[in-house]
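Structure assessment
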Amino acid sequence: MRNFQTFSLAGLCLFVVLSFAGNAFAAAQTTCPVMGGTINKELYADHNGERVYFCCMMCPPEFAKDPEKYIKKLKEMGQEPEKLDR
């Protein structure tokens, strides 16, 4: 029984650490946050020091209506916008 408790405690600790890690394990952006297509690196918008890429010309105007909504959506997908050098 003691081995099970140790394993359960270790699993719980790992879960807590990863939960608080947040975006530390986020991947680079590959998906458009507006329509969900594969990004085209020639189509992008810069917002608050981050560059967000899109799949088609219809997406940047939609993104501009509510950038925070789409950045949040991107992060929820486990992807991170590109950080711009200031």
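To keep things clear, this report deals only with the structure shown in the data block. Everything numeric in this text was worked out from a predicted model, so none of it was measured.

1. Here's the deal with the packing of aromatic side chains
Within the structure shown, the criterion is met by 3 aromatic pairs. Measuring from ring centre to ring centre gives 6.0 Å for tyrosine 44 and tyrosine 53, while their planes differ by 70°; the resulting arrangement is edge-to-face. Tyrosine 44 gets classed as partly exposed once you look at its relative accessible area, which sits at 40%. Among the aromatic residues, those joined into a ring-pair cluster are Phe54, Phe63 and Tyr70. Between arginine 51 and the ring centre of tyrosine 44, over which it is positioned, the NZ or CZ distance is 3.9 Å.

2. As for the sheet that holds strand β2 (residues 40-47)
Strand order across the open sheet formed by 3 strands is β2-β3-β5, with antiparallel pairing between neighbours. The open sheet has two free edges, formed respectively by β2 and β5 (82-83), since each of these has just one partner strand. Judged from the 5 bridges that link them, β2 and strand β3 (residues 50-54) form a sheet pairing that is antiparallel. Counted as the bridge partner of histidine 47 is glutamate 50 from β3.

3. A few points about helix α3 (residues 67-76)
Along α3, the positions that sit buried rather than exposed are Pro67, Tyr70, Ile71 and Leu74. Projected down its long axis, α3 carries its buried residues within an arc of 100°, all on one side. With respect to the buried face of α3, the exposed residues turned more than 90 degrees away are Lys72 and Glu76. Within two residues after α3, glycine 78 carries a phi angle of roughly 85°, on the positive side.

Criteria and cut-off values
Residues numbered from 1 in each chain as written. Predicted model: local features only at pLDDT ≥ 70, side-chain atom pairs only at ≥ 80, totals over all residues. Heavy atoms only, no water. Phe/Tyr/Trp six-rings, centres within 6.5 Å; stacked < 30°, edge-to-face > 60°. Buried < 20%, exposed > 50% of the residue type's maximum accessible area, 1.4 Å probe, protein only. Lys NZ or Arg CZ within 6 Å of the ring centre and 35° of its normal. Pairing = 2+ DSSP bridges. Helix = DSSP H or I, 4+ residues; strand = E, 2+ residues; numbered from the N terminus. Arc of directions from axis to C-beta.

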